[in-house]
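Per-entry structural report
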Amino acid sequence: MPRSTVARIDLKALRENYRLASELASPALAMAVVKADGYGHGIVPVAQALANDAPKYAVACLGEALAIRDAGLRQPVVMLQGVHAPEDIELCARQGFEPVLHSRHQVDWLAQTEARPTFWVKVNTGMNRLGFLPGELSELMAKLDAIGARSGLQGFVTHFACADDRDSPMTAEQTARFEQATAPWPELMRSVGNSAAHFIPGQPLFDWSRPGIMLYGGSPLVGKTGPELGLKPVMSLEAPLITTRTVRAGETVGYGAGFVVEHDTRMGMVAVGYGDGYPRHAGTDTPAAVNGRRIRLIGRVSMDMLAVDLSNAPEAREGDQVELWGQTVGVDEVARCAGTISYELLTGITARVPRDYR
Ligand SMILES: *Cc1c(COP(=O)(O)O)cnc(C)c1O
């Protein structure tokens, strides 16, 4: 029998989350961000599940865009990081990929080829990761005209640094800079808005928003969980209890003997660890669930196993499936306990864990 550690993926929940993103984005359209293997859910099944709803996909890199094409899906695919090599431009033109142009060397590459893909220009409004400064746009546009590439330009994109914090003035500042910077070209489209921006009341999303984490049910907002925002969990990470025992008061559990049992405790070992992508930094008291009851981790997470306290689930037996996150325990809760965000947990599930789609 195969190891029953598994990530169950609810594609109906994914579609419902996409529909919520579309509603919140409207009148903007929402391009479905499926980078990083669909945030760990599998880029092909995710893209296929959204094929009837999403008018465009967005990915980070060329390999991801090709995976979508190889699956037979025909929608345009925005490449958020643009091309990494000049020869990729021709492939983009041929395949209907829309690279984001964010730096001068990419303009030089465009000048050196006849290929004319549809593309976007990234504006740096304060994130300071990628993009042209507002003051550089006129010169860039003149250059694009001069090399005959202007007709492929679909529009402008920018990315928010602080949209996860509704109290930050940064998003409004970036929006204003973006509006002002792009105003001379009203005929072009504009795209802003990661998931978090969909939940900021009154935030304009212009023509295209770019929801990612919310499609997968993870919360994009600091201090909120996905379900609190009306999002459905998509991934349930499950693993079996492979042994149970009672440890006596004063004994320790796991590496470093770091957890000392206070009173006699029925505990179990679960067949999942950091080798599966479960975060090693999730310490004692991180929640999990068995048979719908919440239990807690004890001691350190190992590569292939972790220990749970079964005091709260006296009926739990070897072979029962433990939910590490999913319906009962939110991925956002586990992320908080591990000092990270749901994005990292979902994208970190390793190839050892089979995905089971329904
Ligand atoms: C990843 C990414 C997104 C999606 O962000 P979420 O916070 O997951 O919604 C949107 N835009 C850009 C440029 C990105 O890199």
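Residues numbered from 1 in each chain as written. Predicted model: local features only at pLDDT ≥ 70, side-chain atom pairs only at ≥ 80, totals over all residues. Heavy atoms only, no water.

**Some remarks on the overall build of the chain**
Across its full length, the chain carries 10 helices and 19 strands. Judged by the C-alpha coordinates and their principal axes, the chain covers about 80 × 45 × 35 Å. Residues counted as buried form 53% of the 358 residues belonging to the chain. Contacts in the chain between residues at least 24 apart in sequence constitute 63% of all its contacts with a sequence separation of at least 6. Carbon and sulfur atoms provide 51% of the accessible area of the chain, an area that totals close to 15,300 Å². Averaged over its 35 positive side-chain charges, the chain has a centre that lies 2 Å from the centre of its 40 negative ones. (Helix = DSSP H or I, 4+ residues; strand = E, 2+ residues; numbered from the N terminus. Buried < 20%, exposed > 50% of the residue type's maximum accessible area, 1.4 Å probe, protein only. Contact = heavy atoms within 4.5 Å. Areas by Shrake-Rupley, 256 points an atom, 1.4 Å probe, with all protein chains shown as cover. Lys, Arg positive; Asp, Glu negative; His and termini not counted. Charge placed at Lys NZ, Arg CZ, Asp CG, Glu CD.)

**Concerning the site of the ligand**
Inspection of the region around the ligand gives 13 residues, with Lys35, Tyr39, Ser195, Ile213 and Tyr343 positioned closest. Within the side chain of Tyr39, an N or O atom sits 2.5 Å from an oxygen atom of the ligand. Taking 390 Å² as the accessible area of the ligand by itself, protein coverage stands at 91%. Partitioned by chemical class, the residues of the shell around the ligand number five nonpolar, four polar and four charged. (Near = heavy atom within 4 Å. Polar contact = N/O pair within 3.5 Å; in protein donor to acceptor, adjacent residues only side chain to side chain. Nonpolar A, V, L, I, M, F, W, Y, C, P; charged D, E, K, R; others polar.)

**Structural notes on the environment of Arg355**
With respect to the element layout, Arg355 can be found in strand β19 (residues 355–357). Spatially, the C-alpha atoms of Arg355 and Met305 are 19 Å apart, while their sequence positions differ by 50 residues. A distance of 2.8 Å separates a polar side-chain atom of Arg355 from the backbone oxygen of Val353.

**Focus: unusual backbone geometry**
Of note, the bond from Ser26 into Pro27 is cis; its omega dihedral lies within 30 degrees of zero at 10 degrees. Position of Pro27 among the secondary structure elements: in the loop between α1 (11–25) and β2 (29–30). Here Ala36, not a glycine, exhibits a phi torsion of approximately 50 degrees, which is positive. Positionally, Ala36 belongs in helix α2 (residues 35–39). Phi is positive for Tyr39, close to 50 degrees, though the residue is something other than glycine. Residue position: Tyr39 is located in helix α2. Looking at Tyr39, the relative accessible area reads 6%, which means it is buried.

**Observations concerning the nonpolar core**
Val121, Leu144, Tyr278 and Trp325 are the most contacted members of the largest nonpolar core, which totals 109 residues. A total of seven residues in this core trace back to one element, the largest contributor, which is α1. Here this core spans two domains, and each of domain 1 (11–219) and domain 2 (235–357) adds at least three residues to it. Residues contacting Leu144, with those up to four places away along its chain left out, are Leu101, Val107, Leu110, Phe119, Val121, Ala149, Arg150 and Leu153. Within the second largest apolar cluster, eight residues are counted, among which are Val253, Phe259, Ile298 and Ala307. (Core = buried A, V, L, I, M, F, W, Y, C linked by side-chain atoms within 4.5 Å. Domains from an automatic or database assignment.)

**Overview of the domain arrangement of the chain**
Domain annotation of the chain identifies domain 1 (11–219) and domain 2 (235–357). Contacts between the two partners involve 12 residues from domain 1 and, on the opposite side, eight residues from domain 2. Carbon and sulfur atoms supply 62% of the area buried between domain 1 and domain 2, which totals about 920 Å² over both sides. Linking domain 1 with domain 2 are zero salt bridges. At the junction of domain 1 with domain 2, the criterion picks out three residue pairs in polar contact (both at pLDDT 80 or more). (Buried area = accessible area lost by both parts, 1.4 Å probe. Salt bridge = Lys/Arg side-chain N within 4 Å of Asp/Glu carboxyl O.)

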